[in-house]
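One letter stands for each residue in the lines below.
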Amino acid sequence: DSRLDSLKCDLSYDEMARYRGFQRAERARQFLVGRYLLRQQLALHLGISAAEVPLIEQANNAPYLNLLNTEKPGFSISHSRKWIACGIRTDAKIGLDIEVIDRQRDVLALAAHSFDAQQNATLDALSTAEQSGYFYRCWTAQEAQLKLYLACQDLRHLPHPELAIAVCSDKAFTQTPEILGVT
């Protein structure tokens, strides 16, 4: 937590207000680290300091990158338990979702409330061992597409031993996105 305090210095006034508004400490940490990652990566792409990245808070929505006279990179943030992911694409918009794979989760109950009839029928037809993988692929794909806010032209699932990861874009990927680990 002491190290996290140093991350606050790059947040805008609105971001700090939102950070202070979280009731759960875990959610506040996720927000802070997510914004830190996003600001660091956008700063690298834009050639400015993290504190200068002009992110504007939008109620119930992703932050807005307030850039004038320049192409805005597409970006997306996702978190699941201890994991936080940030994706950036300089030539298109993206949506990203991650989810910790929890084999104890009642995926059939969640799917019944969240998936369409075809997805539920496919899930029901799978063996118990296959249901979890299918559920998480569908779940993260839906979430990534919602975050894109545009028609998805390309959807990729990235391999990870603990996470289901989906990234989609409004333009085709020329190569599979790569995962860069940061601690």
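Chains are numbered independently. Their residues run from 1 in the order of the written sequence. Where totals are concerned, whole chains, interfaces and linings use all residues; where local detail is concerned, this predicted model gives features only for residues with pLDDT of at least 70, and gives and counts side-chain atom pairs only at 80 or more. The basis for every side-chain value is the complete set of non-hydrogen atoms in the structure, without hydrogens or water.

Q: Pulling in residues and values, what's your account of the packing of helix 2 (residues 13–21) against helix 3 (residues 25–46)?
A: Between the N-to-C directions of two axes lies an angle of 0 to 180 degrees, each axis being a line fitted to C-alpha atoms and, for a helix, fitted only over the stretch in contact. The numbering of helices and of strands both runs from the N terminus, where a helix is a DSSP run of H or I of at least 4 residues and a strand a run of E of at least 2. Direction vectors running N to C along helix 2 and helix 3 enclose 155°, while the axes themselves pass 8 Å from each other. Comparing their axes, helix 3 and helix 2 come out roughly antiparallel. Counted together, Glu-15, Arg-18 and Tyr-19 of helix 2 and Arg-27, Ala-28, Phe-31, Leu-32, Arg-35 and Arg-39 of helix 3 form the full contact between these two elements. Only Asp, Glu, Lys and Arg are considered charged, only Ala, Val, Leu, Ile, Met, Phe, Trp, Tyr, Cys and Pro nonpolar, and every remaining residue, Gly among them, polar. Residues of the contact of helix 2 with helix 3, tallied by class, amount to four nonpolar, no polar and five charged. For classification purposes, an angle smaller than 35 degrees is called roughly parallel, one larger than 145 roughly antiparallel, one from 65 to 115 roughly perpendicular, and anything else oblique. Contact criterion: two residues are considered in contact whenever any of their non-hydrogen atoms come within 4.5 Å of each other.

Q: Please give an account of the pattern of salt bridges that cites residues and values.
A: Here, a salt bridge means any side-chain nitrogen of Lys or Arg that lies within 4 Å of a carboxyl oxygen of Asp or Glu. In total, this model carries eleven salt bridges according to the counting rule given. Between Lys-8 and Asp-5 there is a salt bridge, with its nearest N and O atoms 2.9 Å apart. Buried residues are those whose accessible area, probed at 1.4 Å on protein chains only, stays under 20% of the maximum for their type, while exposed residues exceed 50% and partly exposed ones sit between those limits. We classify Asp-5 as partly exposed; its relative accessible area is 44%. For the salt bridge of Arg-39 with Glu-15, the shortest nitrogen-to-oxygen distance reads 2.7 Å. With Arg-39 in helix 3 and Glu-15 in helix 2, the pair connects residues that are 24 residues apart, well separated along the chain. Given a relative accessible area of 2%, Arg-39 falls into the buried group. Through salt bridges with shared partners, a single network forms among Glu-15, Arg-18, Arg-35, Arg-39 and Glu-57.

Q: Provide a residue-level description of the packing of aromatic side chains, including the pertinent values.
A: When the centres of two rings from Phe, Tyr and Trp lie within 6.5 Å, Trp using its six-membered ring, the rings pair. Their planes under 30 degrees apart give stacked, over 60 give edge-to-face, and anything left gives tilted. Applying the stated rule across the entire model yields four aromatic pairs. Each ring, one from Phe-135 and one from Tyr-136, has its centre 5.1 Å from the other, and the planes form 80°; the classification is edge-to-face. In this structure, Phe-135 and Tyr-136 share a single accessibility class: buried. What links up through ring pairs into an aromatic cluster is the set Phe-115, Phe-135, Tyr-136 and Trp-139.

Q: Account for the pairing of strand 6 (residues 154–158), with residues named and values stated.
A: Should DSSP find at least two bridges between two strands, the strands are regarded as paired. Pairing between strand 6 and strand 7 (residues 163–169): five bridges, direction antiparallel. Residue Arg-156 lies in a different strand from strand 7, and its bridge partner there is Val-167. The loop that links strand 6 with its antiparallel partner strand 7 comprises four residues.

Remember that the coordinates give geometry; whether it matters functionally is a separate question.
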